[in-house]
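Residue-level listing of the chains:
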Amino acid sequence: QPVVVAIDGPSGSGKSSVSRAVARHFGYGYLDTGAMYRAVTVYCLRQGIDLSDADAVVAAAEELPLGLGADPDDPAVTLDEEDIAAAIRTSEVSAVVSAVATNLGVRAVLQDAQRELIDAIAEDWGGVVAEGRDITTVVAPDADVRVLLTASEEARLARRSTELHGSADEAAVAATHDQIVRRDRDDSTVSQFTEAADGVVLLDTSALDFDGSVGALVEIVTA
Ligand code: CDP
């Protein structure tokens, strides 16, 4: 029976890197659901679709020519075969992705697609690690393992700041703060990822480094 591991958390919790490492550890496939919201955003920006036009953005999500690779060592993201792995991570996209993610019609379309992907990847790889903000609660509430990865705001800002600006000095953290805190606030209006739901294991990584976080999560999956 393939194993489904669901991981949620806010930005800077280490979710993506830790999820990939855990998938690699067990030889499972990987699904980054945030990449799907980001891909819809890139597609709309390129097609000139107004993000506040709710119906147009839902139609974009439905027709999205998206390709996702499940290999945790190389999680390819393509639109019409074009590699958009870098394009989905720009600060321009991060700044507006919540406008797409708070569109409930888009969520319904992507959540259905995610359920199908989780089943297909789990079947292919013997297991899947799927990460996002509503995987433990809405997309895969029946997952074998459900974990909410958190970290203090301070720790999350330091991590994101280092990722984005190569430093966690005062100026870099301040620049990161506005983006991250606003995005988490907007995202939390539609997804519940600040407190662990019933039956979801809470893993606080504030005091853990990368290897420590991976080790703790591997232990939770093994238990
Ligand atoms: O990397 P980071 O954690 O900052 O973000 P991400 O996982 O790439 O997700 C990007 C955006 O997609 C989030 O800010 C949410 O707006 C949205 N998202 C969502 O609404 N539900 C999910 N399951 C995953 C992402």
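Think of each chain on its own: its residues are numbered from 1, step by step along the sequence as written. Note on the predicted model: pLDDT of at least 70 is required for a residue's local features to be given, and 80 or more for side-chain atom pairs to be given and counted; whole-chain, interface and lining totals, by contrast, use all residues. To obtain the side-chain values, all non-hydrogen atoms of the structure were used and water was disregarded.

Overview of helix α2 (residues 33–47)
Helix length check: α2, at 15 residues, gives a terminal C-alpha distance of 22 Å against a target of 21 Å (1.5 Å per residue), a fit within 8%. Partly exposed describes any residue whose relative accessible area lies between the buried limit of under 20% and the exposed limit of over 50%, with all areas from a 1.4 Å probe on protein chains only and scaled to the type maximum. Numbering goes from the N terminus for both helices and strands, where a helix is a DSSP run of H or I of at least four residues and a strand is a run of E of at least two. For α2, a buried count of 11 out of 15 residues is recorded, marking the element as mostly surrounded by other parts of the structure. Among the residues making up α2, those that are buried are Thr33, Ala35, Met36, Tyr37, Arg38, Ala39, Val40, Thr41, Val42, Tyr43 and Cys44. Here a polar contact is recorded for every N or O atom pair within 3.5 Å, except that within protein the pair must consist of a potential hydrogen donor and a potential acceptor, and residues adjacent in sequence are included only if both atoms are side-chain atoms. At the N-terminal end of α2, a side-chain oxygen is found 3.1 Å from the backbone nitrogen of Gly34, two or three residues along, and the residue is Asp32. One or two steps after α2, the chain reaches Gly48, where phi turns positive at roughly 70°. What a helix is expected to span follows from its residue count: subtract one and scale by 1.5 Å.

A short note on the pattern of salt bridges
Any Lys or Arg side-chain nitrogen found within 4 Å of a carboxyl oxygen on Asp or Glu counts as a salt bridge. This model, assessed by the stated rule, comprises 10 salt bridges. With a closest N to O distance of 3.2 Å, Asp112 and Arg115 form a salt bridge. Of this pair, Asp112 and Arg115 both sit in helix α5 (residues 104–125), 3 residues apart, roughly one helical turn. Judged by relative accessible area, Asp112 falls into the partly exposed class, the value being 47%.

What about unusual backbone geometry?
As a rule of thumb, non-glycine residues mostly have phi less than zero, and peptide bonds are mostly trans rather than cis. Here the phi dihedral of Asp80 falls at roughly 50°; this positive angle occurs in a residue that is not glycine. Topologically, Asp80 is positioned in the loop between β4 (77–79) and β5 (82–83). A relative accessible area of 59% means that Asp80 is categorised as exposed.

Here's the deal with the side chain of Asp134
Turning to its location among the elements, Asp134 is positioned in the loop between β6 (127–132) and α6 (135–139). Overall, Asp134 belongs to the buried group, its relative accessible area being 4%. Setting aside anything within four residues of it in sequence, one finds Asp134 in contact with Asp8, Tyr37, Arg107, Gln111, Val139 and Ser191. Whether two residues touch is decided by their heavy atoms; if any such pair falls within 4.5 Å, the residues are in contact.

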